Structures are given as structure tokens and as C-alpha cells.
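Residue-level listing of the chains:
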Amino acid sequence: MTREKHVFIGLIAYSKSLKDLSIYPGFLAVEYGKITKKGSVAEFETLNEAGAFSNYKIIKLKDDQFLMPGLVDCHTHAPQFPNIGLGLDRALLEWLSKYTFPLEQRYGDSEFASKVYDTVVQRLLNNGTTTACYFGSLHLEGTLELVKTAIKHHQRALIGKVSMNVKNDAGYYNDTKKEIAEVETFIQEVLKYKSELVQPVVTPRFAISCDKELLTALAKISQKYQCRIQSHLSENRDEVDYVLQMYSDCKTYSDIYDNCHILNERCIMAHAIHLSDEEIQLLGSKGVSIAHCPASNTRLKSGLCPVRKYLDNNLTIGLGTDVAGGDNASIIDAMRRAMDVSTHLELTGNNDYCINWKEAFYLATLGGAKALKLEDKIGNFDAGKDFDALLIDVYVNEGQINEYESTEHAEEHAVSLLQRFIYLGDDRNIVQVYVNGNKVKDILTK
Ligand code: GUN
Ligand code: FE
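A brief report on the enclosed structure follows. In this numbering scheme, every chain counts its residues from 1 along its sequence in written order. Whichever chain is written first is A, and whichever ligand is written first is 1; the rest continue in order. Predicted model: local features are reported for residues with pLDDT of at least 70 only, side-chain atom pairs are reported and counted for 80 or more only, and whole-chain, interface and lining totals are derived from all residues. The basis for every side-chain value is the complete set of non-hydrogen atoms in the structure, without hydrogens or water.

### A look at the overall build of the protein
A run of DSSP states H or I qualifies as a helix once it reaches four residues; a run of E qualifies as a strand once it reaches two. Both are numbered from the N-terminal end. Scanning the protein from terminus to terminus reveals 14 helices and 17 strands. Restricting the calculation to C-alpha atoms gives the radius of gyration, and the globule rule supplies 2.2 Å times the number of residues raised to the power 0.38. In terms of overall size, the protein behaves like a compact globule, its C-alpha atoms giving a radius of gyration of 22 Å where 446 residues would be expected to give roughly 22 Å. Oriented by its inertia axes, the alpha-carbon framework of the protein measures out at about 70 × 50 × 40 Å. Here a residue-residue contact requires only that any non-hydrogen atoms of the pair lie within 4.5 Å. Sequence-distant contacts in the protein: of pairs separated by 6 or more residues, those separated by 24 or more amount to 74%.

### Re the environment of Leu191
Structurally, Leu191 can be placed in helix α5 (residues 176-192). With a relative accessible area of 43%, Leu191 lands in the partly exposed category. What Leu191 contacts, discounting residues up to four positions off in sequence, is Pro200 and Tyr225. Exposure classes here rest on a 1.4 Å probe applied to the protein chains alone. A residue is buried below 20% of its type maximum, exposed above 50%, and partly exposed in between.

### Digging into the nonpolar core
Counting 116 residues, the largest nonpolar core has Phe66, Tyr134, Tyr257 and Ile262 as the members making the most contacts within it. Contacts of Tyr257, omitting those with residues within four sequence positions, involve Phe206, Ala207, Leu215, Ser231, His232, Leu233, Ile262, Leu263 and Met269. Residues enter a nonpolar core if they are buried and are Ala, Val, Leu, Ile, Met, Phe, Trp, Tyr or Cys, with the set joined through side-chain atoms within 4.5 Å. Within the second largest apolar cluster, 17 residues are counted, among which are Phe8, Ile12, Phe387 and Val396.

### Quick word on the coordination of the iron ion (ligand 2)
Listed donor atoms are N, O and S within 2.8 Å of the metal (Na, K and Ca: 3.2 Å). As water is not included, a site may look incomplete. All of the protein donors around the iron ion (ligand 2) are His75 (NE2), His77 (NE2), His232 (NE2) and Asp322 (OD); their distances to the metal are 2.0 to 2.2 Å. Because the angles between the four donor atoms bound to the iron ion (ligand 2) fall within 90 to 169°, the donor set is best described as irregular. Motif for the iron ion (ligand 2), donor spacing along one chain: H-x1-H-x154-H-x89-D. In this pair, His77 is assigned in strand β6 (residues 71-77) and His232 in strand β11 (residues 228-233), connecting sequence segments 155 residues apart. This pair shows no difference in class: His77 is buried, exactly as His232 is. For a four-donor site, all angles between 85 and 135 degrees give tetrahedral; for four or six donors, opposite pairs above 155 degrees with the remaining angles between 65 and 115 give square planar or octahedral; all remaining cases count as irregular.

### Some remarks on helix α4 (residues 140-152)
Helices are assigned an expected span. That span is 1.5 Å times one less than the residue count. The terminal C-alpha atoms of α4, which comprises 13 residues, lie 18 Å apart, in line with the 18 Å expected from a rise of 1.5 Å per residue. Buried within α4 are the following residues: Leu140, Gly142, Thr143, Leu144, Glu145, Leu146, Val147, Thr149 and Ala150. On the buried face of α4, the contacting elements are α3 (110-126), β7 (129-135), β8 (156-160), α5 and β10 (198-204). Just downstream of α4 lies His154, where phi reads positive at about 60°.

### Topic: the packing of α3 against α4
With their axes 9 Å apart at the nearest point, α3 and α4 run at an angle of 35° to one another. Between α3 and α4 the crossing geometry is right-handed. Touching Ser110, Ala113, Ser114, Tyr117, Asp118 and Val121 of α3 are Glu141, Gly142, Glu145, Leu146, Thr149, Ala150 and Lys152, all from α4. Throughout, the ten residues Ala, Val, Leu, Ile, Met, Phe, Trp, Tyr, Cys and Pro are labelled nonpolar, Asp, Glu, Lys and Arg are labelled charged, and all others, Gly among them, are labelled polar. Taken together, the residues that form the contact of α3 with α4 break down as five nonpolar, four polar and four charged. For every element, the axis is a line fit to its C-alpha atoms; helices are fit only across the contacting stretch, and the angle between N-to-C directions ranges from 0 to 180 degrees. Each helix crossing is assigned a hand: it is left-handed if the near helix lies turned anticlockwise from the far helix by less than a right angle, otherwise right-handed if that turn is clockwise.

### Topic: unusual backbone geometry
Most peptide bonds adopt trans geometry, and most residues besides glycine take a negative phi value. The residue after Val323, namely Ala324, is reached through a cis peptide bond having omega 10°. Tracing the backbone shows Ala324 in the loop between β14 (316-319) and α12 (331-347). Its identity as a non-glycine residue notwithstanding, Lys301 has a phi of 50°, on the positive side. Following the sequence through the fold, Lys301 ends up in the loop between α10 (294-299) and α11 (307-312). Since its relative accessible area comes to 67%, Lys301 is described here as exposed.

### Here we look at helix α6 (residues 212-225)
Helix length check: α6 (14 residues) gives 20 Å between terminal C-alpha atoms against 20 Å at 1.5 Å per residue, within 8%. The inward-facing, buried residues of α6 contact β9 (162-163), α5, β10, β11 and α8 (253-259). For α6, the capping residue at the N-terminal end is Asp211, with a side-chain oxygen 3.2 Å from the backbone nitrogen of Glu213. Remark: Gln226 follows α6 within two positions and exhibits a positive phi of approximately 50°. For this analysis, a polar contact is any N or O atom pair within 3.5 Å, provided that within protein one partner can donate a hydrogen and the other can accept it, and provided that sequence-adjacent residues contribute only side-chain to side-chain pairs.

### Some words on the site of ligand 1
Close to ligand 1 lie His77, Gln80, Leu92, Trp95, Leu96, Arg205, Phe206, His232, Glu235, His271, Ser296 and Asp322. Within the side chain of Gln80, a nitrogen or oxygen atom sits 2.8 Å from an oxygen atom of ligand 1. Separating a nitrogen atom of ligand 1 from a side-chain N or O atom of Glu235 is a distance of 2.7 Å. Per-residue and other accessible areas were derived by the Shrake-Rupley procedure at a 1.4 Å probe size, with only the shown protein chains allowed to occlude residues. For ligand 1, whose unbound accessible area comes to 280 Å², protein coverage reaches 100%. Looking at which element gives the most residues to the shell around ligand 1, the answer is helix α2 (residues 92-105), with three residues. Classifying every residue of the shell around ligand 1 gives four nonpolar, five polar and three charged. Definition of nearness: a residue and a molecule or strand are near each other if at least one heavy atom of the residue lies within 4 Å of the molecule or strand.

### Quick look at the pairing of strand β1 (residues 5-17)
The element β1 is extensively covered by neighbouring structure, given that 10 of its 13 residues are classed as buried. Strand pairing requires that DSSP identify at least two bridges connecting the strands. The hairpin formed by β1 and strand β2 (residues 20-31) contains two residues between the paired strands. Examined bridge by bridge, β1 and strand β4 (residues 57-60) share four bridges and lie parallel to one another. Directly across from His6, in β4, lies its bridge partner Lys57. Two elements, β1 and strand β5 (residues 65-69), share two bridges in a ladder whose sense is parallel. Paired with Leu11 across the strands is Phe66, a residue of β5.

### Overview of the side chain of His77
Accessibility expressed as a relative area gives 3% for His77, which makes it buried. Here the side chain of His77 touches His75 through a polar contact of 3.2 Å, side chain to side chain. Of note is the side chain of His77, whose polar atom sits 3.1 Å from the side chain of Asp322. Excluding anything up to four places from it in sequence, His77 contacts Glu104, Phe135, Arg205, His232, Asp322 and Val323.

### Things to note about the packing of aromatic side chains
Ring pairs are drawn from Phe, Tyr and Trp, using the six-membered ring of Trp, whenever the two centres fall within 6.5 Å, and their geometry is named by plane angle: stacked under 30 degrees, edge-to-face over 60, tilted for the rest. Under the counting rule described, the total for this entry stands at 15 aromatic pairs. Considering the side-chain rings of Tyr14 and Phe381, the 5.8 Å spacing of their centres and the 65° angle between planes classify their relative orientation as edge-to-face. Taken together, the residues Tyr14 in strand β1 and Phe381 in the loop between α13 (357-371) and β15 (389-393) connect sequence positions 367 residues apart. Phe381 gets classed as buried once you look at its relative accessible area, which sits at 0%. Following the ring pairs from residue to residue traces out a cluster consisting of Phe8, Tyr14, Tyr24, Phe381, Phe387 and Tyr434. In this scheme, Lys NZ or Arg CZ marks a charge over a ring once it lies within 6 Å of the ring centre and within 35 degrees of the ring normal. One Lys or Arg, Arg106, reaches over the ring of Phe112 and ends 4.1 Å from the middle of that ring.

The values are spatial; any link to function lies outside them.
So, in C-alpha cells, the structure goes:
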């Protein structure tokens, strides 16, 4: 398909809110990439008999298949993919200087950038990540390669050229004036594509890599273009100590960003693990979103992010893979790791901190959409939204989920399928992927 009129009939699963999961046999009509109608099987039959779908292609799902919204990765580093699985026995600051900065420096070579980014974008689409919020590298041209690649493969993406102006051992930073000019050029170049799917994000790396002058200038640019702004916040205790020494006039890490006018409803902060109650309050009042990256937080021993506490304080949260701090480029894995981290918090004395599988599913879809301020377009199957969707086959050949004779009723069967996919599924179970109605993966018809 590409973007004609289609009706899917079968099991449909999506979140209405954190606590409200919808899963039912029904239909979903899609016209030119937008969801136009949905309802029960009986409603489909009535409409169909009246000829409402006479010029639609009708796609009937099998018993063990279901349709769900595309996965949203709120935080990942495209240039770090060649390092995935390396150096994860180090802590954040050492890992950055030994592994990450030297690799990212190579993206001054746009040909290298183009090659890597082509595999990154295809890998994420294969994993069902229909929307990704990316950090690029320090390089203007190199990061524009990522923009071109996302557009080419029809991935929905927010993409940032990374900003850094504080010296480091790797020599990986920019002159302040040059950096400010390049960020503005980057935004203008991205906007020239007039892409429905790809938007620029202002991307100060973190407060260790950017001084106050640069942070303030970047906040102004994001204000001027009304684009999003993303960074890292309170990931690691040594990092927090270091920034508080650098910015000795600030009481907390969040205060640093607030003083530079970075905190607002267009802002997405990765990690945010070690926050005081005042900081939680501040982030909530400014409408800042958090990208929770459990795999990275465990691998780099950064900490256990208290997601339940943040949700209870009305913070907006999505999931991130944070490759290559994270060791897995799949948001299915991020759902499981988020459940694990929250369970470990509960097991170590924090009552009711556990996130259940329905909540993890929400964070991976609608929660992520809200965190990226894209919930008017994606995140669930409300009529009027863009059709970003995954067709899941739970008992796909050669997958790892075993099928046993089932005596379940239809409703139990539906819930079992979704649970098994969340706990055990992988890219093999994702048999089709759609972004804005474009079919970007199809292993059904191969
Ligand atoms: N803090 C600053 N830069 C980075 C990065 O590349 N990865 C992670 N996980 N944290 C960071
Ligand atoms: Fe990161």
C-alpha cells in the first residue's frame, strides 16, 4: 500500500490514557495516510453492507495478529550505533570521553555519516520505531545526512545537530559563534524540505558541554523557530556534582537550564534520574517532558529512575533507547527494562513503584507521542490522526513465542496476545510497519 483507502479488520490495541487500554476486535479505516473511522466488527458489517467501503482495500487480520500504534523512541543517538554494546562497564563521563566523542568526531565525514544513518533508520523502522527523536553529532552536514535518510525511508523524526562549546580532551566542540550560526542554518535547511515527518530540534548536549552563553543563545533560537529543545539532565551523580561546580550560582541542575530559559513545554530532557522534589515541581510547572532510558541507566550504572513518582507528579514521560549508552535499539526492550527498573525500585522499599505492562505499552506509544508533543498526530488510533501502525503476528514462524492449544475466550485471547508480545516479542513479530500510511516494512508478502 501506499496511502490509498484501506480498512483493517481484526484485533486492535491502543492506549486512551495511562490507565485505559483499548483492545477489541474491530475495524480501522485509513484514507491517504489518515485514520478516518474506527469501530466494532458489527459496525463494519453495517457500513460495508451500505457500500461505505466499496472502494477500499479490505485487509483481514489473522487470529493471532493485531494492529497497534507505532513505537516512539524519545531519545537516541544515531551516530553512536557503531558503538552499540561497547564500553558499558564504564561510568558516563569516562564512557563519553573514551568511546563516544572519538566516534562522533568521525561524522565530519558526510559519506561515513550517510552510510551509518542509512542502517540506523532502517534498523529502527524494522524494530517498529515509527517516530524517533534523534541526537545527531556536532556536524552540520553530517546531521543533515540523517535528515535526508529519515525523509528517504519515511520515518517520522525529530533531529538535532548536537551543540557543544566547552573544551574536552577529544577536541570535540565548536567555537561559540560558529555553533550558534550553524544551529540556525541547520534549522533553516531542515525546514526547507517542508517534510511532513521530519522536524529540527535544538540540541545542547548537556550542561557540561555547553556554557551559559551558548545555552541561552540556543533557548532563543528554539523560541524564534518554535522548535523543540532536547538535552540530558541529572543522569549520573558525578555529572550532577560536576555541573554544580561549573555553575556555582545554581542550586540544582534543573536551575541551570531554567536560568538559561530552556525549560518549557517544547523541552525534552533525557534521564532526569536524580531530581529533588523542587526540581520535579519545577519541571512539571514548566511542562518539560522526560525521556526515560532504562537500558542506558542500568548499563552505565547511572541510577534507577522513579518513573512512578514522576507520573504521580503529572510529568509527561516517554521511553528512549539512548543507544549507545543503551544496549538495545528496540522500544519493545525499553518497555521491559522500564518494568524491570520500576520493579527493582519497588523491591527495594518503594511501595507501588512498579509499572505494569499496560502502562509500559502506554509509555511506548501515547506517552512518547505526548512527550514529543506529537499527540495531535500519533500515539493511538483516534480518528484524524496519522496512520503510524504496526501489524503484529504473535506466533510468527521462527519467532520465540510458543503457541499452545488455547481454550481462552476471545477477550482473554486478545489480552494474552498483547501481553506475550510485550514480554517476549521482537522485530520478527512486527510483520508490517506503516508511517503516515506508507508501508515501510512488510515481511508478510515476502
Ligand atoms: N550526556 C551527554 N552526552 C551523552 C550521551 O551521548 N549519552 C548519554 N547517555 N548521556 C550523555
Ligand atoms: Fe543520551
